[in-house]
Structure formats: structure tokens, C-alpha cells
Amino acid sequence: MRKTEKVRWEAPEAGWVKANCDGACKVGKATVAVVVRDQSRNLVDGAGFLINAKEPEIAEALAVQAW
């Protein structure tokens, strides 16, 4: 059985922002997204892209590079 762990978002310190990104693949196509929030959880910036990638690791790396 696979063990799961709850992960909770933590706000950055005042004056900083936090960028979270993710990527996912299916049949040679991928989607990447980036969300940037401030210490009050307000959305500062964000973007999503469709890309050509065959491996989840590539999609994840491109999501980091996107921002």
C-alpha cells in the first residue's frame, strides 16, 4: 500500500512571494502551471502553458523555468 502524506501550503515571510509550479503529462502532451502568492495568500501572478513533453520530469522542469 502506498503511503500518503498531507502537505500544507505555508505563506512566505512578509515582503516575499512564493511561487508554486506543477507539470503533468499524458500521451506526449503536457500542461505546466505556475501560481505566485504573497504572505496574505493573494494571487500576485500566474500562468499555464500547453507544451510537448513525454516525461513528467521534463514537464516539471519546464514549469519551474516558465516563471
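Look up a bit, the structure's there.
First things first, this report covers the structure right here in the doc. (Residues numbered from 1 in each chain as written. Predicted model: local features only at pLDDT ≥ 70, side-chain atom pairs only at ≥ 80, totals over all residues. Heavy atoms only, no water.)

Before going further, it helps to examine the pairing of strand β1 (residues 17-26). Bridging between β1 and strand β2 (residues 29-38) involves ten bridges; their strand directions are antiparallel. Bridging across to β2, Val 17 finds its partner in Asp 38. (Pairing = 2+ DSSP bridges. Helix = DSSP H or I, 4+ residues; strand = E, 2+ residues; numbered from the N terminus.)

In this section: a negative patch on the surface. Together, Asp 22, Glu 55, Glu 57 and Glu 60 give the surface a local cluster of negative charge. Looking at the secondary structure, you find Glu 57 in helix α1 (residues 56-66). (Patch = residues over 30% accessible without salt bridge, like charges linked within 9 Å, V, L, I, M, F, W, Y side chains within 5 Å. Areas by Shrake-Rupley, 256 points an atom, 1.4 Å probe, with all protein chains shown as cover. Salt bridge = Lys/Arg side-chain N within 4 Å of Asp/Glu carboxyl O. Lys, Arg positive; Asp, Glu negative; His and termini not counted. Charge placed at Lys NZ, Arg CZ, Asp CG, Glu CD.)

Ala 30, Val 32, Ile 51, Ala 53, Ala 59 and Ala 63 form the largest nonpolar core, which has six residues in total. Setting aside anything within four residues of it in sequence, one finds Ala 59 in contact with Gly 23, Ala 24, Cys 25, Ala 30, Val 32, Ile 51 and Ala 53. (Core = buried A, V, L, I, M, F, W, Y, C linked by side-chain atoms within 4.5 Å. Buried < 20%, exposed > 50% of the residue type's maximum accessible area, 1.4 Å probe, protein only. Contact = heavy atoms within 4.5 Å.)

Distances and angles like these do not, on their own, reveal function.
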